Amino acid sequence: MAVRLFVTGLGVLCLLASSARAQDPILSDTNGDGVVQVLALGDSVTYGVGDGIAPNLEVEDLPDRGAARGYPSRLSRNLSLPVTNSGEPGEELTIGGVTRAPGVIQSTSADEVVFLWGYNDAFFQISPGHYREDLQRLVNIARVTGKQSVLVTLHPSCCDRGGLTGFTRQYSNEVRSLAAWNDLPLFDLEALWNQRCPNKDSCPLINRPEGLHPNTLGYDFIGYGLSATLLGLPLAVPEDAVALADAIGADPARVTTVLFGGAAVTPAPATGRNE
Amino acid sequence: MVPTVVRECVRCFQQWILSAVIVICIVGCGGGGGGGEGSERGVRLIHGGLSLPPVSFALGEPGSARLAPAVPFAERSVGLAVGSGAQRIQVFTNGGTRVLFDAPTVLDAPDGTVVLVFEDGDLARTAVFPPGPKPAGNGNSGIRLINAVSGAPNLSMQVGDSKVTASLGSASPYIEVPSGVSPVTVLGQGVRVTLSVNAAAGTRQTVLLAGEIDYFVHSKVFEDR
């Protein structure tokens, strides 16, 4: 009887441990400094160009800079942890990024490094293989310096910059492959974006007709999606958005609407480190 | 009619078997990935290619080959033990979809043989080299250098008054040193790495330098078996 109870208990414990592991949040204090920190590396979409603009406004061009905000500020707010915005507008991963990033990665005390890069590489039609190799370099550098990489696919462009999508789609495929080969967490922004915006030319998440940079709603969208990834929460159906809202203490109706559409959305005021 | 005590015993046994199966299944599936077999001995792979995803290798002919699980950059795989003689070595990356090396190789001393994956410019290359001799001196240990720094044709390693050199994709001879902590300096054009190697008596240590010259170079120490 004692053996039976022991084995049964062990089985239950193992099952619980197994299921907990499958849903474990990605965030952890890997360097043991007592603080969980995130470094966001990328280009203007990480920096937050286009933020602060409401959906349905007509936007032809955007300034290269303004205050840095974008998804990193949402991530920080959603998860209540420090997030460093290291987005560099106009930077290609394969030219400036691969050169700049090693120093940033080595000097940061962040535990997790989020990579969202490639929109400017698409402008210059950099080959997907070149893109993959440089992203792998940075993933390797992050790993040997004790950081956990988190990869993000690229949202599709539209309208005036719809031509970039051919390359961003290929880069996203490379990102998925790298995530699988390196066993890394992946936020499939492209897939979630496509689900939210089946018609790209009327997508409320992006500045139109500029067609590349997300607007305030788009950055909210990325912030929620990435928060779910880092918390280990799925985002397949609207009910998942409710669970995310519960986890981050946000309004479930708003999170659901931002991520899955539906009722009209009033964008939350953008927040940034310079505001 | 089956006595109650027997029914209870059968039910108890069924539950115990079910629980045991669950435990075995969980233990068997635990850890994820992996597969293959491995140990601290045998042929091992070292990944020194900065732009490469994790790399795995297999020994033997297809159908009977044994696979070592993939290792990431600057890591060493588990060992695959084989007998001496010709062995087919296959090295894979990109989730097993890209073959970096596939050739029969004569292994005179498989235990301690290293399969090194490194990069030479844009080329991913593979080198196989045998283990070095164990330290001869009583109470001594050995330290060697493996050069996997793309763009560094030669690196030299100095330990005390002794100095050895390793060309790209190769291992230097071991420097025999007294056991304990030894300060080590690795030099090359654009490379200067200093580190301490703590070696117990009778052991051999490998200092791996991997990466790309003028970009990123990482050092790691492995204890050889």
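Just so it is clear, the model here is predicted, and its values are computed rather than measured. (Residues numbered from 1 in each chain as written. Chains lettered and ligands numbered in written order. Predicted model: local features only at pLDDT ≥ 70, side-chain atom pairs only at ≥ 80, totals over all residues. Heavy atoms only, no water.)

## Considerations on the overall build of chain A
The secondary structure content of chain A amounts to 11 helices and seven strands. Burial statistics for chain A: of 275 residues in total, 55% are counted as buried. (Helix = DSSP H or I, 4+ residues; strand = E, 2+ residues; numbered from the N terminus. Buried < 20%, exposed > 50% of the residue type's maximum accessible area, 1.4 Å probe, protein only.)

## Examining the overall build of chain B
Secondary structure summary: chain B contains one helix and 16 strands in total. Looking at the 225 residues of chain B, the share that counts as buried comes to 46%. Pairs at least 24 apart in sequence give 56% of the contacts found in chain B among residues at least 6 apart. Accessible surface, chain B: about 10600 Å² in total, of which carbon and sulfur atoms supply 55%. (Contact = heavy atoms within 4.5 Å. Areas by Shrake-Rupley, 256 points an atom, 1.4 Å probe, with all protein chains shown as cover.)

## Here we look at the sheet that holds strand 10 (residues 162-167) of chain B
Residues and elements named next belong to chain B. Judged by pairing direction, the sheet is antiparallel, and its four strands sit side by side in the order 10-9-13-14 without closing on themselves. A single partner strand is all that each edge strand has here, and the edge strands are strand 10 and strand 14 (191-199). Going across the sheet, the axis of each strand differs from the next one's by a mean of 25°, ignoring polarity. (Pairing = 2+ DSSP bridges. Axes fitted to C-alpha atoms, helices over the stretch in contact; angles between N-to-C directions.)

## Some points on the sheet that holds strand 2 (residues 55-59) of chain B
Residue and element names in this part refer to chain B. Here we have four strands laid out as an open sheet, ordered 3-2-4-5, and antiparallel in their pairing. The open sheet has two edge strands with one neighbour each: strand 3 (66-71) and strand 5 (98-107). Direction aside, the axes of adjacent strands within the sheet are offset by 15° on average.

## Structural notes on the pattern of salt bridges
Residue and element names in this part refer to chain A. Tallied over the full model, the rule gives 17 salt bridges over all chains. A salt bridge links R74 to D220, with the nearest nitrogen and oxygen atoms 2.8 Å apart. Pair noted here: R74 is in helix 3 (residues 70-79) and D220 is in helix 9 (residues 216-231), with a separation of 146 residues, a long-range link. Judged on exposure class, the residue R74 and its partner D220 are both buried. With its nearest N and O atoms 2.9 Å apart, the salt bridge here joins D220 to R254. With a gap of 34 residues between them, D220 in helix 9 and R254 in helix 11 (residues 252-260) connect regions that are remote in the sequence. (Salt bridge = Lys/Arg side-chain N within 4 Å of Asp/Glu carboxyl O.)

The values reported here are purely geometric and, on their own, carry no functional implication.
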